Amino acid sequence: MTNTGVNTTRPPLGLALRSLLRSDFLVLLNSKTSLFLSILLPIVILVANTVGKGQSRLGGSSLVIGLALTLGLLTSGLFGYTLALAHDRDVGVLQRLRITPAPTWMIMTSRVLVQVATNLLASVIVVIVGAIAYGLTLSPGQYLLAIAVSLLGAAVFLSIGQAVVGLVQSTSAINAISRVLMILLLLLGLLGGTGILGDTMKTIAAWSPVGALMTLFADTLNASSWSGQDTNALLACIGYVTVCATIGVRWFRWNSR
Amino acid sequence: MTSEVNEPGSPPVLEVSQLRVAYDGRTVVDGVSFRIQRGEIFGLLGPNGAGKTSTLSAIEGLVRPAWGDLLVDGLDVEQQPLAVKALLGVQLQSSSFQAELSIQEIARLYAGLYGVKLSKDQVRDSMRTVGLADELGKKFKQLSGGQQQRLALFIATIHNPLLLLLDEPTAGLDPQSRRGLWRRIEELRSEGNSILLTTHSMEEAQAVCDRVAIIDHGILLTEGRPSELINKHKDDPRVLSVAHGAPTLEDVFIGLTGSEIRD
Ligand SMILES: Nc1ncnc2c1ncn2[C@@H]1O[C@H](COP(=O)(O)OP(=O)(O)OP(=O)(O)O)[C@@H](O)[C@H]1O
Ligand SMILES: [Mg+2]
């Protein structure tokens, strides 16, 4: 290793990316919270609802599965990913990575890819468990569509999280903001969507990240035909991703001082 | 000791010219210039807050200089950042690795990032040379301070870099490990690597450095071989006033940088 004279060649990018992906995956696997948030929590919601006969209260099995999927994506994106990134910035893990010849986009991309892959895997599991628990039969096309919507959802919440880490420096502030944001988004999407807060709130809710995703998930699982509401939801999601990711990348700082 | 062993025509390994580093408008490194040749060990000495780490950060690409030129092996740090980073091995003043990864996984990650393919067995073998073979399964936080330093140095040298930047590499090491590190540094030099290190130990500077520079308040005060510096400043009244007997490198250091304690 160190007897071939001084090394002056550029390292290959493929090897660097593979090494990053492997280590980011191991990090995720070793962190119990993120696994709990992305897989266990949604399943707990599914199971809790079959036990409590909550179908009527929450409005049908597709809605419950949609909620479980959305919640898994929301918590793991806005909580798991965001806090891990803030922490690594705080303690200098990112600085250490940044002095290697790996391009900075690659360091970020690897983290995001691993997170998205975990989210998709979690979504597949949740849909399967949900279908079994509620006796739904889904076509392969519906599974594919559910995965596609999950991908969109993962992108939405990771971008929102990235924007928070980009705009806020302190880890404890990020922690607090993420919690509040999570609760707000959930309340808005769920309560607003029921119409008990009035028609204006209902419209806002439909365009909110949680509301838009719940619409898309419900329509996918019900095999409803594509509606204007779905188009709006899709547009809303694309909008959130574009704006938040831009903010999150543009203002992101690698060090905490 | 050998210095200036450059092949004719090849650029210095490091050339720092008129470097200025500022944080939020406050200048902490001001017009610093020096060069390091191939196979040379260069020591940067200075009190706390003098600007040593900031100088290294600029070379590492962690902070953008407000002014000045930085060339590593003739490559501009700002224009070819990734090519420069591939030439550098870095041990930061305080290292931080992913808390969830084992030592073995950390070593494999950084090997890959620097383009070195290491199997698990190869990692184990090379970890034996730095006395960490029994700690492979541990997390970074579970290592002792000295073991953490050894791991950081191991990772800094994993790709046999042209220029090694070591920020207080022997801080917190016992005398045995310190001697071990000095030996390792000299080994690396004999393989053709150049080393820029910072230290607060005058003994260390004299033992391993071919040349040293003293920096304070961001300004480079003097530079030369340790023996040259003593000679050059031995009649300076500030040095004489702090010397007990014949002036030492430490007397020169305190004479030039003052005796008050820095925050
Ligand atoms: N990221 C930063 N933001 C603002 N100020 C900084 C930053 N890093 C360092 N400083 C300031 O710059 C000055 C030089 O710091 P630097 O870390 O370069 O000193 P040093 O010579 O390495 O000191 P030490 O021996 O204590 O490590 C100090 O006054 C420090 O407070
Ligand atoms: Mg320092």
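Scoring rules and cut-offs
- Residues numbered from 1 in each chain as written.
- Chains lettered and ligands numbered in written order.
- Predicted model: local features only at pLDDT ≥ 70, side-chain atom pairs only at ≥ 80, totals over all residues.
- Heavy atoms only, no water.
- Patch = residues over 30% accessible without salt bridge, like charges linked within 9 Å, V, L, I, M, F, W, Y side chains within 5 Å.
- Areas by Shrake-Rupley, 256 points an atom, 1.4 Å probe, with all protein chains shown as cover.
- Salt bridge = Lys/Arg side-chain N within 4 Å of Asp/Glu carboxyl O.
- Lys, Arg positive; Asp, Glu negative; His and termini not counted.
- Charge placed at Lys NZ, Arg CZ, Asp CG, Glu CD.
- Helix = DSSP H or I, 4+ residues; strand = E, 2+ residues; numbered from the N terminus.
- Core = buried A, V, L, I, M, F, W, Y, C linked by side-chain atoms within 4.5 Å.
- Buried < 20%, exposed > 50% of the residue type's maximum accessible area, 1.4 Å probe, protein only.
- Contact = heavy atoms within 4.5 Å.
- Pairing = 2+ DSSP bridges.
- Axes fitted to C-alpha atoms, helices over the stretch in contact; angles between N-to-C directions.
- Phe/Tyr/Trp six-rings, centres within 6.5 Å; stacked < 30°, edge-to-face > 60°.
- Lys NZ or Arg CZ within 6 Å of the ring centre and 35° of its normal.
- pLDDT = per-residue confidence, 0-100.
- Buried area = accessible area lost by both parts, 1.4 Å probe.
- Polar contact = N/O pair within 3.5 Å; in protein donor to acceptor, adjacent residues only side chain to side chain.
- Donors = N, O, S within 2.8 Å, 3.2 Å for Na, K, Ca; no water.

Draft legend 1. Up close: a positive patch on the surface. Residues Arg18 and Arg22 of chain A together with Lys117, Lys120 and Arg124 of chain B make up a contiguous surface patch of positive charge. Counting residues per element, the ones that place at least two in the positive patch are helix 1 (13–30) of chain A together with helix 4 (120–129) of chain B. Relative to the assigned elements, Arg124 of chain B resides in helix 4.

Draft legend 2. Region of the structure containing the nonpolar core. Formed by 88 residues in total, the largest nonpolar core has its most connected members in Leu74, Leu97 and Phe157 of chain A together with Tyr110, Leu113, Met127 and Leu151 of chain B. Considering every element that reaches this core, the biggest residue donor is helix 4 (residues 61–91) of chain A, with 14 residues. Beyond its immediate sequence surroundings of up to four residues, Met127 of chain B is in contact with Ile103, Ala107, Leu132, Ala133, Leu136, Leu151 and Phe154 of chain B. In terms of nonpolar packing, the next biggest core, distinct from the first, is built from 34 residues, Leu44, Leu56, Ile59 and Leu70 of chain B among them.

Draft legend 3. Quick look at the sheet that holds strand 4 (residues 67–72) of chain B. Residue and element names in this part refer to chain B. If you walk across this open sheet you meet the four strands as 2-1-4-5, and the pairing is antiparallel. Two strands close off the open sheet at either side, each with one partner strand: strand 2 (26–36) and strand 5 (75–76). Across eight bridges, the pairing between strand 1 (residues 14–23) and strand 2 is antiparallel. In the strand pairing of strand 2, Glu15 is matched with Arg35. Where helix 1 (residues 52–60) meets the sheet, it contacts strand 1, strand 2 and strand 4, and its direction lies at approximately 110° from that of strand 1.

Draft legend 4. The arrangement of the pattern of salt bridges in detail. Residue and element names in this part refer to chain B. Considering all chains together, one arrives at 14 salt bridges over all chains under this definition. Between Glu78 and Arg64 there is a salt bridge, with its nearest N and O atoms 3.5 Å apart. With Glu78 in the loop between strand 5 and helix 2 (81–87) and Arg64 in the loop between helix 1 and strand 4, the pair connects residues that are 14 residues apart, well separated along the chain. Take Arg64: its relative accessible area is 68%, and that puts it in the exposed class.

Draft legend 5. Structural context of the packing of aromatic side chains. In this structure the tally under the stated criterion is four aromatic pairs over all chains. Measuring from ring centre to ring centre gives 5.4 Å for Phe252 of chain A and Trp254 of chain A, while their planes differ by 85°; the resulting arrangement is edge-to-face. Phe252 of chain A sits in the buried class, given a relative accessible area of 11%. Ring geometry for Phe97 of chain B versus Phe140 of chain B: centroids 5.0 Å apart, planes at 80°, classification edge-to-face. Note that Phe97 of chain B is positioned in the loop between strand 6 (88–91) and helix 3 (103–113) and Phe140 of chain B in the loop between helix 4 and helix 5 (145–156), a separation of 43 residues in sequence. Taken as a pair, Phe97 of chain B and Phe140 of chain B share a single burial class, namely buried. In this structure an aromatic cluster arises from ring pairing among Phe97, Tyr110 and Phe140 of chain B. Cation over ring: Arg250 of chain A sits above Trp251 of chain A, and NZ or CZ is 4.9 Å from the ring centre.

Draft legend 6. Inspection of the confidence of the model for chain B at higher detail. All names here are of chain B. The pLDDT averaged across chain B works out to 91; a share of 96% of its residues lies at or above 70. This model gives residues 1–6 a pLDDT under 50, and the stretch forms 17 contacts once residues within four places in sequence are excluded. Among the prediction metrics, the complex's ipTM stands at 0.90, with pTM recorded as 0.90.

Draft legend 7. The arrangement of the interface of chain A and chain B in detail. Contact residues are listed per partner, giving 32 residues for chain A and 37 residues for chain B. Across the chain A to chain B interface the summed buried area is about 3,500 Å²; carbon plus sulfur atoms make up 63%. At the junction of chain A with chain B, the criterion picks out zero salt bridges. Taken together, the links from chain A to chain B amount to six residue pairs in polar contact (both at pLDDT 80 or more). Examining the composition of the side of chain A that touches chain B, we find that ten residues originate from one element, helix 1 of chain A, more than from any other.

Draft legend 8. Up close: the side chain of Thr100 of chain A. Relative to the assigned elements, Thr100 of chain A resides in the loop between helix 5 (93–98) and helix 6 (104–134). Residue class for Thr100 of chain A comes out buried when judged on its relative accessible area of 0%. A distance of 2.7 Å separates a polar atom in the side chain of Thr100 of chain A from the backbone oxygen of Leu97 of chain A. Excluding residues that lie within four positions of it along the chain, Thr100 of chain A makes contacts with Lys85, Tyr110, Leu113 and Tyr114 of chain B.

Draft legend 9. Spotlight on the coordination of the magnesium ion (ligand 2). At this site the magnesium ion (ligand 2) is bound by Thr53 of chain B (OG1) and Gln93 of chain B (OE1), with donor distances of 1.9 to 2.2 Å. Of the two residues, Thr53 of chain B is situated in helix 1 and Gln93 of chain B in the loop between strand 6 and helix 3; the sequence distance between them amounts to 40 residues.

Draft legend 10. Looking closely at the environment of Ile41 of chain B. All names here are of chain B. Relative to the helices and strands, Ile41 resides in strand 3 (residues 41–45). A sequence separation of 144 residues divides Ile41 from Ile185, and the C-alpha atoms of the two residues are 8.4 Å apart. Leaving out residues up to four positions away in the same chain, Ile41 has contacts with Ile185, Arg189, Ile195, Leu197, Val208, Cys209, Asp210 and Arg211.

Draft legend 11. Spatial organisation of the pairing of strand 9 (residues 211–216) of chain B. All names here are of chain B. Among the six residues that make up strand 9, six are buried, leaving the element largely enclosed by the rest of the structure. The alternating pattern of strand 9 places Arg211, Ala213 and Ile215 on one face and Val212, Ile214 and Asp216 on the opposite face, and all of these are buried. Pairing between strand 9 and strand 10 (residues 219–224): five bridges, direction antiparallel. The residue bridging Asp216 from the neighbouring strand is Ile219, located in strand 10. What sits between strand 9 and strand 10 in their antiparallel hairpin is a turn of two residues, with His217 showing a positive phi close to 45°.

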